[in-house]
Every structure is written in C-alpha cells, then in structure tokens.
Amino acid sequence: MSGWWARQRYLLDYASASLWRRKGRNLVLWAIFAALVFILGSVILFGSAIRREAALVLRDAPDVVAQAMRMGRHDMALASDIAKLKSVRGADRIEGRLWGYLYDTSTDANYTLQTPSAHAPDLALQKGEAIVGEGVARLRKLSEGKHLFLVSPAGRLLKAKVKKVLSPESALVSSDLVLVSAEDFRAFFELAPDQFTDIAMRVRNPSEVGTVSGKGALALPHYRFITRANMARTYEALFSWREGLLLAIATGAILAFAILAFDKASGLSAQERREIGILKAIGWETSDIIRMKLWEAGLISVSAFVAGMTLAYLHVFAMSAPLIETVLKGWSTLYPRFALTPHVDALQVTTLAFLTLLPYIAAVLAPIWRTASADPDRVMR
Amino acid sequence: MIELQGVSKIYRQGRSNEIAAVCDLDLTLQDNRVTVLKGPSGSGKTTVLTIIGCLARPTQGRVLLDGEILSGLPEKFLAEVRRRTFGFAFQRFNLIAGLTAFENIVLPAYPLAPRFDTLKARALELAETFGVAHRLDLNVDDLSGGEMQRVAVARALINDPRVVIADEPTANLDSERAAQFLDIVATLKARGKTVLMTSHDPRIWSANVVDRVVEMADGRIVEAA
C-alpha cells in the first residue's frame, strides 16, 4: 500500500508542476469554475435557507384557517359561523381574525393590517396602540413610542402609538405587518361588529387536521379550509419557483462553462499531446497518465468548487445575499431585512457537486484517455 | 538478445498516402554491444528504433526480447518493458519544458515509486557522470544543446535499463560534444549496457566503441558490418 501512496505522491507532484507550468490558462478556468459554483451555490443555499425560515415561522400559524367564499371570491366571515365551528369535535381555540391590506400612497408600499390573536397575550393591544413589522418601521422611520398615521381608502385616519417593533427574525412574513386593536381595525375599515376576515383554529390532535377540516367543511360548506401544510406548500412553491427562475438564468452560465470545459478538454495542445507521448515513451503507463491528469483536473475543480461554495456561504449567510435577494425575497417595496440562519442542504450541495465536478472531469479525461491509449510514437509524431 | 523477425511497419495503411517505413526486416542485436543504424533520411532507421523500444508496434513480423515475443503484449506490459528494459535518448531530446533538469531526469522512475532520497542520489550520480550536476536546478529550456542531451541520457539511465536507445544523438552537437557523447557510450558499454543508435554522422560509424554498423535504405537492411 505504501508503494501505491508513494506513486500517487509522485503523480501529484507532477500534476502540481504541470498546473503551475500552465498557470495562466488554469487560473482563468479555476476562476470561471469558482464563479459558476458561487452563483449556483448562492441560489441553492439562499433558496434552501429561506424555505426553512418560512417553515419555522409557519410553525406558529393556526392549524386551519377557514375563509368564507362567495361567487368564488373571499368574503367576510360571520360571528355566527364561528359558533357553528365550535361544535366540531377536535377543533380548539377557534377565533375570528381581522386582517386586510392597505396601499399607502405616501410610501408607495402595501401594508398588512391585522389584529393580534387573543391567544398571544404578549401582542395584546389597547385602542390607539400598534405593533409594526421591521419593514414598516424602517420605511416610516418608526420606533417604540412614536406615532403611526394611516389613511384608509375611504379617508378615515388611524393614529396609533407604536408599542413594539417586531424582531427581524420573523421579517419574512411580518416585514409589512401593522398590528392594531380590533376596535381600531373595525373603525378604520368600517366593519360591522359581527364581521371577520377569516376564522383560525387549532386542532388538538395534529394527525386529525385533515379530518377536522373535513368536518368543518361539512358544517360550513360555503367556506374553504386551508391547513398549515397547505400554507407551507404555497411558500415552498413560491420560493422554488423563484429559485428555478434564477437557476434557469444561470443555465446560460452553465452552458458557457460546459463549452469552455469541452474546449479545454478536447483541445489538447500539440505540446500536451507530445508531453503525454514522452511520458509513455519513458515508461509511464496509460493509467499513470490518466491518474496524473485526474489529480490535475481534481485539484482545479475541487478547489474551485470549495472556493465557490465558501464564497456562496459567506455571500448568503454573512452578507444576506445582496446579489440575488431581490429576486428570491420578492418585488415589494418592503423587502424583508433579516439574517438567514446558516443552513446547508447536503443533498443539494452534493447534487451541485455532481453536476459541476463530474462533467468537468469527464470532459478533461476523455481526450486524455484517447491520446494516452495510442502508441507513444504516434502521439509524439 | 533482441531479435526482429520479418518486421514491417506501414504508416497510414490502406490509405492512398500509405508509407512502408520498414519492409520484412530481420535483425539480431547481441547484449553489451554498440550497434549503429545508418542510412539516409527516410530509410527507416528511427522506425526500427521505435519498434525495438516498444514505442510502436510492427504492422507485420515480431520482436523478441531474450526469446520472449514483445510485439503482441498488451500496452500495460509494454509500458513495464519500456520502463525496465529500455532507456531512450531522442534526437530532439524530448525533455519536458518547464521542468528542471533534475525533474526531467527522475521522471521515468515515478511509476516505480522509489524512496525519494534513493532516487535523488541516483539522479545526482548520473548528473555527475555526465557533467550536468551543477545544472540540475535549472529549467531545461535554459540549458545548452549539449547539456540537454546529457540530461536526456541521464534520464534514459535513471531506471538502470539493459538497453539504451539513442536517435541521432550527435545531430545537434559540435565535434567536441560529439566526442564527449562517444565517451558516454563507452561508459555505458563498460557498465554492460546494450546500445543501439541511429546516425548520419561518420564520426559515430567509425568510432572504436561501435561494434556493428547496419546500413539501411528504403526500409531494408542493405549492408551489415
């Protein structure tokens, strides 16, 4: 075994010297490889982390949300319907929710107005108080104690003192959020006391969510029931779609890289062919030459892959992905500003490694093998 | 002993521009002898060297080394034979550009994976024998033609082969360097090596160290002395 290792060491020495001798071309190739991995790695790491973030946030969402439907459109839920749902066995903590959107012409942004859950005492609000998301606070330059002023489409004014600014950790879903008391909400949007936007409920046994939703649908046939799993899938689809869009754009880069790699690999220079012929003539086996070239290709591609992935990791988790966040987070004025928790999906990274390393190594080795298999005399000629 | 029996080599066989470089050639080379192949360009001298040295396979006929047929061996075994039996010094030296003289000398030993200190000592000994010890750290591109040739000879001997093959070894050398090369050949012979060379150079044919001169023309042996 020591002989095998010694042989590999000699081959590695030669491969390193060979890389150094053609350092200009190899450096360009390395940089292109690393840049490609950086772009693809950034998209994959960001997409994976943001989906995980969304899943963590949704952990606290209600198990089921019931929305009244009328003519195929979302309609207001009524207090009497909440009472009907309370008779469904297995349902718990059923409450009407108040939320809606407001387009604010002064900042050219959309806000989500909502009332806090009765089951979240830390978010309880009195009339004239508000809790705002990180994006709203940033855009309106708000902090605790300051006043938020909003004007409804009907011209009603809402003045609320900011009680709290939500933490950036939840910004993915709360960046544009404004929480106000139910009294202020109803007054602002001119809602009757028995009207709600929708109905939220918990299910005692998590494995019974589907069953309880079904029972709810029987009790309220003109409602649609959305489970937390449905919401998670929506987020997943949204971010996957955006990730796919970026990856599609990056396909151009992949193609360019493939052409370059093929050109390098298939375009063995006369000097390289001659060198292979000389090595064979002085006693190297075909397998020695292929191993040496494998070391060479491996050193370039693996180091470029590691460098690209490291840069992608730093770009996404240390710098919040400034190059791609606009596409992946959304197009709203209120871009969420939050730091993603470092999370690497090993399967995706492995897939990326296979999709970049293997084609490159194969493209390099195929013509080398053809050349190294021929008689040395023919190759040197 | 090396024997060529009915060896022919045809390049681009079957095409309109095929060339018969060697035709039905029989040749026997005894051990520890210095043999020179002479003849005009295109007479097939270099092709015979490449066939004997397992760098090319004959189109017809067979090559035997100590009675064992080499010409039909798979590539892996031919590489082993090239590595252990033959040492090559090519006409244009065929050193690897960009590497130092030392790195070039030790290259044939890499697949054998010897201990590095042993390999280094052997390379130093050869470099001293051929007068290039002080040039070992230089890039081969910075060496003179004579130095390159001596590095090429040292490389040919690093694995201590039985047979040294040199193609037009004095073609790029002045008289003084050519004489030095013949001294090297004498050293090799004294060490028990078999030497096979091609040459246009009358200084080589007439050298005392040469045991046999084989004249070739049009791919055939026309005279053997």
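It should be noted that the structure appears before, not after, this text.
Overview of the structure.

## Points about the overall build of chain B
Okay, so step 1: Helices and strands together make up the secondary structure of chain B, namely seven helices and 10 strands.
Okay, so step 2: Long-range pairs, those at least 24 residues apart, make up 70% of the contacts in chain B between residues at least 6 apart in sequence.

## Topic: the nonpolar core
Okay, so step 1: Judged by nonpolar contacts, the single largest core of 112 residues is most densely connected at V37(A), I52(B), I105(B), V151(B), A152(B) and A154(B).
Okay, so step 2: Among the elements that take part in this core, helix α2 (residues 23-58) of chain A stands out by supplying 14 residues, more than any other.
Okay, so step 3: Beyond its immediate chain neighbours, meaning those up to four positions away, I52(B) contacts I2(B), L4(B), V63(B), I165(B) and L196(B).
Okay, so step 4: Residues L85(A), A137(A), L148(A) and V203(A) belong to the second largest nonpolar core, which totals 40 residues.

## Here we look at the interface of chain A and chain B
Okay, so step 1: Each side of the interface is counted separately: chain A has 22 residues, and chain B has 22 residues.
Okay, so step 2: Mapped by element, the contributors of at least two residues to the side of chain A that touches chain B are α1 (2-21), α9 (270-281), α10 (286-318) and α13 (376-380) of chain A.
Okay, so step 3: With eight residues, the single largest contributor to the side of chain A that touches chain B is α1(A).
Okay, so step 4: Tallied by class, residues from the side of chain A that touches chain B come to 10 nonpolar, three polar and nine charged.

## Considering the packing of α2(A) against α10(A)
Residues and elements named next belong to chain A.
Okay, so step 1: Interhelical geometry of α2 versus α10 gives an angle of 40° and a closest axis separation of 7 Å. Here α10 runs oblique to α2, going by the angle between their axes. As for the relative orientation of α2 and α10, their crossing is right-handed in sense.
Okay, so step 2: The class makeup of the residues in the contact of α2 with α10 is 20 nonpolar, six polar and no charged.

## Some remarks on the sheet that holds strand β10 (residues 177-180) of chain A
Residue and element names in this part refer to chain A.
Okay, so step 1: The strand order across the open sheet formed by six strands is β5-β6-β10-β7-β9-β8, and the pairing between neighbours is mixed. Two strands close off the open sheet at either side, each with one partner strand: β5 (99-104) and β8 (147-151). Each neighbouring strand pair of the sheet contributes to a mean axis angle of 35°, computed without reference to strand direction.
Okay, so step 2: Sheet topology note: the β8/strand β9 (residues 157-165) ladder contains five bridges and is antiparallel. Residue L148 lies in a different strand from β9, and its bridge partner there is A160.

## Observations concerning the sheet that holds strand β2 (residues 19-29) of chain B
Residues and elements named next belong to chain B.
Okay, so step 1: Across the sheet, which stays open at both edges, the four strands sit in the order β2-β1-β4-β5 with antiparallel pairing between neighbours. The open sheet is flanked by β2 and β5 (68-69), the only strands paired with a single partner.
Okay, so step 2: Bridging between strand β4 (residues 60-65) and β5 involves two bridges; their strand directions are antiparallel. When the bridges of β5 are listed, L64 appears paired with I69.
Okay, so step 3: Relative to the sheet, helix α1 (residues 45-52) contacts β1 (2-11), β2 and β4, its axis offset from that of β1 by approximately 120°.

Definitions and limits used
- Residues numbered from 1 in each chain as written.
- Chains lettered and ligands numbered in written order.
- Predicted model: local features only at pLDDT ≥ 70, side-chain atom pairs only at ≥ 80, totals over all residues.
- Helix = DSSP H or I, 4+ residues; strand = E, 2+ residues; numbered from the N terminus.
- Contact = placed C-beta atoms within 7 Å.
- Core = buried A, V, L, I, M, F, W, Y, C linked by C-beta atoms within 7 Å.
- Buried ≥ 20, exposed ≤ 12 C-beta atoms within 10 Å, placed from the backbone.
- Nonpolar A, V, L, I, M, F, W, Y, C, P; charged D, E, K, R; others polar.
- Axes fitted to C-alpha atoms, helices over the stretch in contact; angles between N-to-C directions.
- Parallel < 35°, antiparallel > 145°, perpendicular 65-115°, else oblique.
- Left-handed = near helix turned anticlockwise from the far one by under 90°.
- Pairing = 2+ DSSP bridges.

Just distances and angles here, no functional claims.
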